[in-house]
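Residue-level listing of the chains:
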There are 2 protein chains.
Amino acid sequence: MGLSCFSGSRGSDLQWNKQSPVGIIGGQGEMGRLFSNFFSSRGFRVNVVDLGTVYTSERAMRECDIVLFAVPLHKSVEIIRELVAFARPGQLLMDLTSLKVATVAEMLRSQAGVVGLHPMFGGGVSSFSGQTLAACPVRISSQEWQSLRRLFTSSGIRVKECSPEEHDRMMSIIQVLFHLTTMLMGRTLRELGIDIHETMEYTSPSYRIEMNLVGRIFAQNPELYAAITQMNPNTGRIFSELKESLEVYEGLYKSENMEGIVEDFKRSALHLGDFCAQAYRESSALLDFSVQTANEKRNNPPR
Amino acid sequence: MGLSCFSGSRGSDLQWNKQSPVGIIGGQGEMGRLFSNFFSSRGFRVNVVDLGTVYTSERAMRECDIVLFAVPLHKSVEIIRELVAFARPGQLLMDLTSLKVATVAEMLRSQAGVVGLHPMFGGGVSSFSGQTLAACPVRISSQEWQSLRRLFTSSGIRVKECSPEEHDRMMSIIQVLFHLTTMLMGRTLRELGIDIHETMEYTSPSYRIEMNLVGRIFAQNPELYAAITQMNPNTGRIFSELKESLEVYEGLYKSENMEGIVEDFKRSALHLGDFCAQAYRESSALLDFSVQTANEKRNNPPR
C-alpha cells in the first residue's frame, strides 16, 4: 500500500495492511465488540484489550499496527493521553468517541497516523448497511485513507468526512440541542407529575413517535449523554440560544402577542426552507407506519 | 332513540337521528370537509356553511338538529359565542377545535346538548382507522352519547373520553410542551445560521426522524400553533418549568457537574418508568423503517 504522508504533516509512513494486528482498547464494550467483529471479518488479527483481559493496553500500543480506542467518552481524553506515549511512527491511531476535537488533539501528540471516527449508530445495530460513520482523517496519506475508507464503504457504511471542528459543531446541534430539549421535556413531565401512559391515550401519531424518541434517550446510558453535553466545545452557545429563545417566547405569550409568535414561526420556517416540505413528506410515511404498527399491536396484544 | 337528559343537567331532549340535518360551520376547511364527508357517508343531510356559501350560520343554527363548529382555533370562541344565541333545546352542538375548556364553556351558554371533540389527526388523513378522537360529552344523555360514539368507533376511530379540563391539561404536554421545544430548536438553528441539510449528512436515524418532525411542524399553519400555545390554560406553567429546568442544566454545565446531570437524567428516567424500555423497542422498529426508507431513496433517487 502507498505510504506517503498526507499533506506533508509530521505524520509518518503507515505500515499496516490487511494482515496487520489491530488492538481494540475497550474491545469488550458494545461498540468495541462491533468493531472487533468488523476487523476480524475483514481478515485482520484483532487483539482485544479491556478491564479483564491479560493482553494489556501498553502491549497493544507496542505490538499493533492499528490501535482503535473504543472507550467511554468521559474517560477518553485521559486514557488516550496516557497511551499515546507508547505510540510510534507508522502506526495508525483511531478512536470511536462521540466528539472529535479533544480526542484527535490527544492522538496528534504522538508521531502516529491519526483518524478520528464517530459511528452515528449504536453498538447494537444488526447491519452496517445505510449507517453513517463520521470520519476525520487528520494525519494519514490520501492513498492510505482511501483504502481504509473502502474497508468501511464496502460494508455498506456511508462515510462522512469532516474536520474535528466541523464535526463537533454539527454535534452541538445533532446531539446537544436534541438531548437538551429531550432532557427539558423529561424534567417537565417529572416536575408536573404527568403520567406518560395517560398522555399516550390521546396519541396522535406524531406525539407517539416524539414520546418514543424521548423515552428511547432515557432508556440509555446517562453518563454518555452527560458527557456529550459537558464536553462539546459549543454547548455554552446552545444554552445561550435556548435561554434567549425561551425568554422571547415567554414575553410574546405574556403580552398575548400571537402575531409575534406567528412572525417568529414563519422566520424559522423560512430558514429551514424546502427542508420543511421534504420533512412533511418523509414524516407522513413514518406516521402511517406508526399508526399501522399501533393498530397491529392493538389487534394482537402480546400475551 | 332515547332522549333522556344526561346526569339531570339542564341539557334538553335531543331529537336528532340519522336523517337529521347537520350544519357544519367552516365546512370547506380541511377538517370541515373531512367531517362533512363523514356525516354524509353515514346518511345524514349535511349543510355546509363557510365564508362563500349562500347557506348561513344563522340558518344552520335554526334548521339543523346537529351543528358542528369546524372553525380556526383562534376565532372559535368569538364565532361560537355569537351563534349560541340561536341555539335551542334538543339541538346538539359540537366543535372540532384543539382546546376544549373555552369552546365547551361557550356552547354550554345555550340550552342545547354539548359535545366537545378534538380529532388527534389532520384533515388530510386517508383513513380514520386507528386514529384517535378526544371527546368531552358534557351535556348529552348517556344513551344518545353511546349512539354518537358508535357512529365514530364503527369507522375505526378510537374515542378517548375526558373532561374539558383533563383534555387541556394533557394538551399542555402533547401540544404546548412539544411545540415549544420544537420552536426552540427552530429558532436556535436559525440564530446559529445552521444549514439543516449539512447536519443531515451526519444522519443518525434518530436525528433524521427528530428533524423530520421539527420540519413537519414548520411546514404547517403558524396561526394554529400560535393559538394552541396562547390559548391553553396551562401554558404559563409549562414556561415556568422549562425556564427552571434550563437554569438547572446550565448551572450544572457551568460548574462541570456531570454527576449532577447524570443524577437528574436518572430521576427523569425513573419517573418515566417502564415506558422507557417500551419506547426503546417501539422506536427501534421505527429507526429500522427510517434507515430502510433512506436506503431505498439513495438507491432510487427521484428524477
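Since we're looking at a predicted model, the values are computed, not measured.

## Section: the packing of helix 6 (residues 164-191) of chain B against helix 9 (residues 222-231) of chain B
When two helices pack together, you describe them by how their axes are tilted relative to each other and by the distance separating the axes. Residue and element names in this part refer to chain B. Between helix 6 and helix 9, the least distance of the axes is 9 Å, while the angle of their chain directions is 120°. It follows from the interaxial angle that helix 6 and helix 9 lie oblique. Read as a crossing pair, helix 6 and helix 9 show a hand that is left-handed. On helix 9, the residues touching Gln-175, Val-176, His-179 and Leu-180 of helix 6 are Tyr-225, Ile-228 and Thr-229. Taken together, the residues of the contact of helix 6 with helix 9 break down into 4 nonpolar, 3 polar and no charged.

## Notes on the interface of chain A and chain B
Interfaces are frequently sized by the accessible area removed from exposure as the parts join. The partner chain B presents 89 residues to the 89 residues of chain A that form the contact. For the side of chain A that touches chain B, the secondary-structure elements that each account for two or more residues are strand 6 (132-139), helix 6 (164-191), helix 7 (196-200), helix 8 (205-218), helix 9 (222-231), helix 10 (235-254), helix 11 (258-272) and helix 12 (275-299) of chain A. Here the side of chain A that touches chain B gets 16 residues from one element, more than from any other, and that element is helix 6 of chain A.

## A short note on the pairing of strand 4 (residues 92-95) of chain A
All names here are of chain A. Burial along strand 4 is two-sided: the residues Leu-92 and Met-94 and Leu-93 and Asp-95 are all buried. Relative to strand 4, strand 3 (residues 66-69) runs parallel, the two being bridged by 4 bridges. Note that in strand 4 the partner of Val-67 across the bridge is Leu-93. With respect to chirality, the unit in which strand 3 leads through helix 3 (residues 73-83) into the neighbouring parallel strand 4 is right-handed. Two strands pair when backbone bridges link them, and strand 4 and strand 5 (residues 113-119) are joined in this way by 4 bridges, in the parallel orientation. Among the inter-strand pairings, Met-94 is bridged to a residue of strand 5, identified as Val-115.

## Overview of the relation of the copies chain A and chain B
Note: a rotation about an axis with an accompanying shift along it relates these two copies of the chain. Here chain A sits on chain B after a turn of 180° about the axis and a move of 0.0 Å along it, with an RMSD of 0.0 Å. Look at the turn and shift together and you get a two-fold axis relating the two. Closest approach to the rotation axis within chain A is made by the C-alpha atom of A:Thr181, at a distance of 3.1 Å. When the interface residues of chain A are mapped onto chain B, 100% of them again fall at the interface, so both copies present the same face.

## Examining the sheet that holds strand 6 of chain A
Each strand in a sheet pairs with its neighbour through backbone hydrogen bonds, running either in the same direction (parallel) or in the opposite one (antiparallel). All names here are of chain A. Here 7 strands make up an open sheet; going across it, the order is 2-1-3-4-5-6-7 and the pairing mixed. Of all strands in the sheet, those with a lone pairing partner are strand 2 (45-49) and strand 7 (158-161), marking the two edges. Sheet twist, expressed as the mean angle between neighbouring strand axes with direction ignored, is 25°.

## Regarding the sheet that holds strand 2 (residues 45-49) of chain B
Residues and elements named next belong to chain B. An order of 2-1-3-4-5-6-7 is seen for the 7 strands of this open sheet, with the pairing classed as mixed. One side of each edge strand has no neighbouring strand; the edge strands of this open sheet are strand 2 and strand 7 (158-161). Strand after strand, the sheet turns through a mean of 25° between neighbouring axes, direction not considered. Alignment of strand 6 (residues 132-139) against strand 7, held across 4 bridges, turns out to be parallel. Counted as the bridge partner of Thr-132 is Arg-158 from strand 7. Packed onto the sheet, helix 5 (residues 142-153) meets strand 5 (113-119), strand 6 and strand 7 and runs at close to 140° relative to strand 7.

## Observations regarding unusual backbone geometry
Peptide bonds are mostly trans, and most non-glycine residues show a negative phi. Positioned with a positive phi, A:Glu256 is a non-glycine residue whose angle comes to about 50°. A tally of 11 C-beta atoms within 10 Å means that A:Glu256 is categorised as exposed.

## Looking at the nonpolar core
Ranked by internal contacts, the top residues of the largest apolar core, which has 179 residues, are A:Leu68, A:Val115, B:Leu68 and B:Val115. B:Leu68 has contacts with B:Val22, B:Ile24, B:Ile25, B:Phe35, B:Met94 and B:Leu96, leaving out every residue within four places of it along the chain.

## Examining helix 6 of chain B
Residues and elements named next belong to chain B. Here helix 6 spans 38 Å end to end across 28 residues, near enough to the 40 Å set by a 1.5 Å rise per residue. Among the 28 residues of helix 6, 23 are classified as buried, and the element is accordingly described as predominantly covered. A positive backbone phi angle near 65° is found at Gly-193, which sits one or two residues after helix 6.

About the thresholds
Residues numbered from 1 in each chain as written. Chains lettered and ligands numbered in written order. Predicted model: local features only at pLDDT ≥ 70, side-chain atom pairs only at ≥ 80, totals over all residues. Axes fitted to C-alpha atoms, helices over the stretch in contact; angles between N-to-C directions. Helix = DSSP H or I, 4+ residues; strand = E, 2+ residues; numbered from the N terminus. Parallel < 35°, antiparallel > 145°, perpendicular 65-115°, else oblique. Left-handed = near helix turned anticlockwise from the far one by under 90°. Contact = placed C-beta atoms within 7 Å. Nonpolar A, V, L, I, M, F, W, Y, C, P; charged D, E, K, R; others polar. Buried ≥ 20, exposed ≤ 12 C-beta atoms within 10 Å, placed from the backbone. Pairing = 2+ DSSP bridges. Right-handed = clockwise from strand over helix to strand, strands pointing away. Least-squares fit on C-alpha atoms with pLDDT ≥ 70 in both. Core = buried A, V, L, I, M, F, W, Y, C linked by C-beta atoms within 7 Å. Expected span 1.5 Å × (residues − 1).

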